[in-house]
Amino acid sequence: MPSSRLVVPALVLALVVGACSGEEPETLRSTGPTASIPAPTQETASTPTADVPSVTLEGGDRAMDAALQSVYAGRPSVEGSATVGSWKGQKVAVVTSGDDATLLVGAGSAWSVAGGWWPSLSRPAQLGRGPRHVLVIGSDARVGEPLEGTRGDTLQLVGMDGAGGAGVMGLPRDIWAQMPDGGHAKINAAFAFGGGKGQQDAVTGVTGIPIEGYVAVGFEGFEKIVDEAGGIPITVPKALRAAGGVGMIGAGAQLLTGAQALGYARERKTLPDGDFGRSRHQGDLILAAAVKARLQGVSSVPRHLTTVSRYADSNLTAAQALTWAAAFHRVDPTKVGRTVATGGFGWSRDRQSIVIPSAQSRAAFVRFRSGRL
């Protein structure tokens, strides 16, 4: 099974994360964080006492000051800076103060604490409980086409173990899987039959891994996300002719445009291992984008979430999206693994060529339930 241990300078996944909401089955319900710090009243914010710090916050507002006072109660004062964005219509923010980071979600004029880390307070980080997994779906929707009814041709499962480890697992589109209607088909068809949630359930059915949510994007949205982020810096191991008429992408360090990144993610015909190699390239792009975002610092997370939210569909709440993206800033780069689920080729009853996961891949599914590869 193709697998590699990645040692990268840093990692954050601001690329993957959305909002939506109804109840999910118990096995798929998010274990993501909720605010455990009570929100102070507006009156408390405007009347500092010995237990309520005065707040000097660049880029924030009065209601944000109130949320920070609840975090730093007992301090005489706190200074910091805020960056603000949105996720599916809800405000999100990151407030940094020294090495501390407070993650906020907003509703109306109020802000609440969704999580964060506070070394200055010797308080444990709040970034969700236990392993967390999010499915990144690349739909085959062409420019101008809606996502509805299309296939999930790119399937990358991203996990974190909550203890500094993480991983990215690619799932080839021809894996045979149960569909939302109870029948069986190639795994990428689940997106056409049941949307993002149907695709999420199909991946859980194959891997046995509970998934917190999904982020799905089509060709046009993917290109725009990459271009608005200023491109993806990546080291290409071997020159290749990318799909979609993009032309050659040279070996070595490259800054890929949206069109080039899409061509790199789609190409399989010239790769010796075909769809498995394509899945590997897709994982490479996710990690390269994550490294770029990480180097920009946790304050960049609201901006990235805003961009992804504009072009992608998702069922992650604002708190889940924000804590998920920020959590990758605390991943140990020596504990990040990547693999592609491979297997043998077989035939369905209606004579479709399908992939049957190997014993090694099934063992990787079990291992990845921890959130780490």
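It should be noted that the structure appears before, not after, this text.
Residues numbered from 1 in each chain as written. Predicted model: local features only at pLDDT ≥ 70, side-chain atom pairs only at ≥ 80, totals over all residues. Heavy atoms only, no water.

Asker: I would appreciate a short explanation of the overall build of the protein chain in the present structure.
Answerer: On a plain count of helices and strands, the protein chain comes out with 9 helices and 21 strands. Across the 373 residues of the protein chain, 54% fall into the buried class. In the form shown here, the protein chain has an accessible surface area of approximately 15500 Å², with 53% of it arising from carbon and sulfur atoms. (Helix = DSSP H or I, 4+ residues; strand = E, 2+ residues; numbered from the N terminus. Buried < 20%, exposed > 50% of the residue type's maximum accessible area, 1.4 Å probe, protein only. Areas by Shrake-Rupley, 256 points an atom, 1.4 Å probe, with all protein chains shown as cover.)

Asker: Please explain helix 6 (residues 274–295) as it appears in this structure.
Answerer: An α-helix turns once per 3.6 residues; consequently, residues spaced three or four apart project the same way. Along its 22 residues, helix 6 runs 32 Å from first to last C-alpha, staying within 8% of the 32 Å computed at 1.5 Å per residue. In terms of burial, helix 6 is a largely internal element, 19 of the 22 residues being buried. One or two steps after helix 6, the chain reaches Gly297, where phi turns positive at roughly 90°. (Expected span 1.5 Å × (residues − 1).)

Asker: Can you walk me through the side chain of Arg173 in this structure?
Answerer: Along the chain, Arg173 turns up in the loop between strand 10 (166–170) and strand 11 (176–178). Judged by relative accessible area, which is 15%, Arg173 ranks as buried. A distance of 3.3 Å separates polar atoms of two side chains, one belonging to Arg173 and the other to Asp153. When sequence neighbours within four positions are dropped, the list of residues in contact with Arg173 reads Asp153, Lys186, Ile187, Asn188, Arg268, Asp275 and Arg278. (Polar contact = N/O pair within 3.5 Å; in protein donor to acceptor, adjacent residues only side chain to side chain. Contact = heavy atoms within 4.5 Å.)

Asker: Honestly, the sheet that holds strand 4 (residues 90–97) in this entry has me stumped. Any pointers?
Answerer: One open sheet holds the 6 strands; their spatial order is 2-3-4-5-6-7, and the pairing between them is mixed. Only two strands of the sheet have a single neighbouring strand rather than two, namely strand 2 (54–58) and strand 7 (123–126). Strand-to-strand twist across the sheet, computed as the mean angle between neighbouring axes with direction ignored, equals 35°. Relative to strand 7, strand 6 (residues 110–118) runs antiparallel, the two sharing 2 bridges. (Pairing = 2+ DSSP bridges. Axes fitted to C-alpha atoms, helices over the stretch in contact; angles between N-to-C directions.)

Asker: What exactly am I supposed to notice about the nonpolar core here?
Answerer: Proteins that are soluble and globular tend to have nonpolar side chains buried together. Counting 55 residues, the largest nonpolar core has Tyr264, Leu285, Leu305 and Leu322 as the members making the most contacts within it. Residue contributions to this core peak at 8 residues, all from helix 8 (residues 318–327). If we skip the residues at most four places from it in the chain, Leu322 touches Val92, Ala93, Val94, Leu103, Leu104, Val105, Val301 and Leu305. If you look at the next biggest cluster of nonpolar residues, it comprises 28 residues, including Ile211, Phe276, Val340 and Leu373. (Core = buried A, V, L, I, M, F, W, Y, C linked by side-chain atoms within 4.5 Å.)

Asker: Would you take a moment to explain the environment of Ser358 for this structure?
Answerer: With respect to the helices and strands, Ser358 occurs in the loop between strand 21 (353–357) and helix 9 (359–368). Separated by 16 residues in sequence, Ser358 and Thr342 have C-alpha atoms that sit 6.2 Å apart.

Asker: What should I look at first to understand the packing of aromatic side chains in this one?
Answerer: Two measures describe an aromatic ring pair: the distance that separates the ring centres and the angle between the ring planes. Overall, the coordinates contain 2 aromatic pairs when judged by the stated rule. Judged by centre distance (5.9 Å) and plane angle (40°), the ring pair of Phe276 and Phe345 falls under tilted. On the criterion of sequence distance, the pair formed by Phe276 in helix 6 and Phe345 in strand 20 (residues 343–347) is long-range, its members being 69 residues apart. Here the aromatic rings of Trp324 and Phe328 are separated by 5.4 Å at their centres, their planes lie at 70°, and the arrangement is edge-to-face. The pair Trp324 / Phe328 is uniform in exposure class, with both members buried. We note Lys88 situated over the ring of Trp87; from NZ or CZ to the ring centre the distance is 6.0 Å. (Phe/Tyr/Trp six-rings, centres within 6.5 Å; stacked < 30°, edge-to-face > 60°. Lys NZ or Arg CZ within 6 Å of the ring centre and 35° of its normal.)

Asker: Looking at this structure, I do not really get helix 2 (residues 62–71). What am I missing?
Answerer: In terms of burial, helix 2 is a largely internal element, 9 of the 10 residues being buried. Among the residues of helix 2, those classed as buried are Ala63, Met64, Asp65, Ala66, Ala67, Leu68, Gln69, Ser70 and Val71. Its side-chain oxygen placed 3.3 Å from the backbone nitrogen of Ala63, Asp61 serves as the N-cap of helix 2.

Asker: Got a minute to help me understand the environment of Gly138 in this structure?
Answerer: Inspection of the secondary structure puts Gly138 in strand 8 (residues 132–139). Residue classification places Gly138 among the buried residues on the basis of a relative accessible area of 13%. Once the C-alpha coordinates of Gly138 and Thr150 are considered, the two residues, 12 residues apart in sequence, prove to be 10.0 Å apart. Among all residues touching Gly138, those that are not within four sequence positions of it are Arg151, Gly152, Asp153, Thr154 and Val217.

Asker: Before we go on, may I ask you to explain the packing of helix 4 (residues 219–228) against helix 5 (residues 258–266) in this structure?
Answerer: The relative placement of two packed helices is expressed as an angle between their axes plus a distance between the axes. Where helix 4 contacts helix 5, the axes come no closer than 8 Å and their chain directions differ by 125°. On the basis of their axis angle, the class for helix 4 and helix 5 is oblique. When the axes of helix 4 and helix 5 are compared, the crossing they make is right-handed. Each of Phe219, Phe222, Glu223, Val226 and Asp227 in helix 4 lies in contact with helix 5, whose residues at this interface are Gly258, Ala259, Ala261, Leu262 and Arg266. (Parallel < 35°, antiparallel > 145°, perpendicular 65-115°, else oblique. Left-handed = near helix turned anticlockwise from the far one by under 90°.)

Asker: Help me out: how do you make sense of the pattern of salt bridges in this one?
Answerer: Side-chain pairs of opposite charge can arise where the charged atoms are in close proximity. Taken as a whole and judged by the stated rule, the model has 10 salt bridges. With its nearest N and O atoms 3.7 Å apart, the salt bridge here joins Asp174 to Lys186. Placement of the pair is Asp174 in the loop between strand 10 and strand 11 and Lys186 in strand 12 (residues 184–186), with a sequence separation of 12 residues. The partner of Asp201 in a salt bridge is Lys197, with the nearest N and O atoms 2.9 Å apart. One end of the pair is Asp201 and the other is Lys197, both in helix 3 (residues 190–207) and 4 residues apart, which spans about a single turn. (Salt bridge = Lys/Arg side-chain N within 4 Å of Asp/Glu carboxyl O.)

Asker: For this particular structure, what's the right way to read the side chain of Thr102?
Answerer: Mapped onto the elements of the fold, Thr102 is located in strand 5 (residues 100–107). Among the polar contacts made by the side chain of Thr102, one reaches the side chain of Trp118 at a distance of 2.8 Å. Those residues in contact with Thr102 that lie beyond four places of it in its chain are Leu68, Val71, Tyr72, Ala93, Val94, Val95, Val113, Gly115 and Trp118.

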